[in-house]
Amino acid sequence: MAAIESPCILVCSVDMKTGYCFGCGRTRDEISAWLNMTPERRREVMALLPARLETVERRPRRETRRTRMARERGTV
């Protein structure tokens, strides 16, 4: 059985504003249908992902260690 190419980077959370996954840029419907798509359809979707990811608001869901350390130093 051949491996199916996937854009998933295991950051599975959907931006409620755009409907795109923060990690890969796919919609919920595309993610759920991915295994049943033809290789051609998967390539079509993957071609759209870079432009989609540009529209996703990339705000951290929680404070990162780097941000916390900068805040504690008073540089943020």
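Only a predicted model underlies this, so the values are computations on that prediction, with no experimental measurement involved.

### As for the confidence of the model for the chain
- The predicted model of the chain has a mean per-residue pLDDT of 86, with 87% of residues at 70 or higher.
- Least confident of the elements in the chain is helix α3 (residues 65-73), whose mean pLDDT is 79; most confident is helix α1 (residues 28-33), at 96.

### Regarding the environment of cysteine 24
- Residue position: cysteine 24 is located in the segment before α1.
- Look at cysteine 24 and you get buried, because its relative accessible area is 4%.
- Filtering out sequence-adjacent residues up to four positions away, cysteine 24 remains in contact with Pro7, Cys8, Ile31, Leu49 and Leu53.

### Quick look at the pattern of salt bridges
- This structure, assessed with the given rule, holds three salt bridges.
- Glutamate 30 is paired through a salt bridge with arginine 52; the nearest N and O atoms lie 2.6 Å apart. Taken together, the positions of glutamate 30 in helix α1 and arginine 52 in helix α2 (residues 39-55) put the pair 22 residues apart, joining distant regions of the chain.
- Across the salt bridge formed by glutamate 40 and arginine 43, the nearest N and O atoms sit 3.6 Å from each other. You can see glutamate 40 and its partner arginine 43 sitting in helix α2, three residues apart, about one turn around the helix.
- Residue classification places glutamate 40 among the partly exposed residues on the basis of a relative accessible area of 45%.
- Residue arginine 43 is classed as partly exposed on the basis of its relative accessible area of 49%.

### Topic: unusual backbone geometry
- In this model, leucine 10 sits at a positive phi of 65°, which is unusual for a non-glycine residue.
- Topologically, leucine 10 is positioned in the segment before α1.

Here is what the cut-offs are and how they apply
- Residues numbered from 1 in each chain as written.
- Predicted model: local features only at pLDDT ≥ 70, side-chain atom pairs only at ≥ 80, totals over all residues.
- Heavy atoms only, no water.
- pLDDT = per-residue confidence, 0-100.
- Helix = DSSP H or I, 4+ residues; strand = E, 2+ residues; numbered from the N terminus.
- Buried < 20%, exposed > 50% of the residue type's maximum accessible area, 1.4 Å probe, protein only.
- Contact = heavy atoms within 4.5 Å.
- Salt bridge = Lys/Arg side-chain N within 4 Å of Asp/Glu carboxyl O.

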